[in-house]
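The lines below spell out each chain.
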Amino acid sequence: MTNPFDTPDGRYLVLANHEDQHSIWPSYLDLPGGWEHRFGPAARHECLDYVERNWPDITPRSRIRKGGS
């Protein structure tokens, strides 16, 4: 059995949670609670490119509001 999160020819979504943290997710799986769809379905590399362009600072949103401390 292959890992559904690492299938090179799979179709994926980009999800984000309330902290604006991003994740790729196999498009055929139900979305996990607390996550919303941001991009896709698309090829894995397209989703990873989207995450790289749109999530340059991995600091959770709540930490940014507090000034990083």
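Refer to the structure presented above.
Quantities reported herein were computed from a predicted structural model and do not represent experimental measurements. (Residues numbered from 1 in each chain as written. Predicted model: local features only at pLDDT ≥ 70, side-chain atom pairs only at ≥ 80, totals over all residues. Heavy atoms only, no water.)

S.K.: Can you walk me through the nonpolar core in this structure?
M.R.: Grouped burial of nonpolar side chains is what soluble globular proteins tend to show. Formed by Tyr12, Val14, Ile24, Ala42, Cys47, Tyr50, Val51 and Trp55, the largest nonpolar core amounts to 8 residues. The set of elements that each furnish at least two residues to this core consists of β1 (11-17) and α1 (44-54). Examining the composition of this core, we find that 3 residues originate from one element, α1, more than from any other. (Core = buried A, V, L, I, M, F, W, Y, C linked by side-chain atoms within 4.5 Å. Buried < 20%, exposed > 50% of the residue type's maximum accessible area, 1.4 Å probe, protein only. Helix = DSSP H or I, 4+ residues; strand = E, 2+ residues; numbered from the N terminus.)

S.K.: Quick question: what am I supposed to make of the sheet that holds strand β2 (residues 22-26) here?
M.R.: What links the strands of a sheet is backbone hydrogen bonding, and the strands pair in either a parallel or an antiparallel sense. Reading across from one edge, β2-β1-β3 is the order of the 3 strands in this open sheet, with antiparallel pairing throughout. For this open sheet the edge positions go to β2 and β3 (35-43), each flanked by a neighbour on one side alone. The mean angle between the axes of side-by-side strands here comes to 30°, regardless of whether they run parallel or antiparallel. Where β1 meets β3, 6 bridges bridge the pair, whose relative direction is antiparallel. (Pairing = 2+ DSSP bridges. Axes fitted to C-alpha atoms, helices over the stretch in contact; angles between N-to-C directions.)

S.K.: Explanation requested: the environment of His37 in the structure shown.
M.R.: Structurally, His37 can be placed in strand β3. Here His37 falls in the partly exposed class, since its relative accessible area comes to 40%. Each C-alpha atom, one on His37 and one on Trp25, is 9.5 Å from the other, the two residues being 12 residues apart in sequence. Other than its neighbours up to four places away in sequence, His37 contacts Leu13, Val14, Leu15 and Leu31. One polar contact links the side chain of His37 to the main-chain carbonyl oxygen of Phe39, over a distance of 3.1 Å. (Contact = heavy atoms within 4.5 Å. Polar contact = N/O pair within 3.5 Å; in protein donor to acceptor, adjacent residues only side chain to side chain.)

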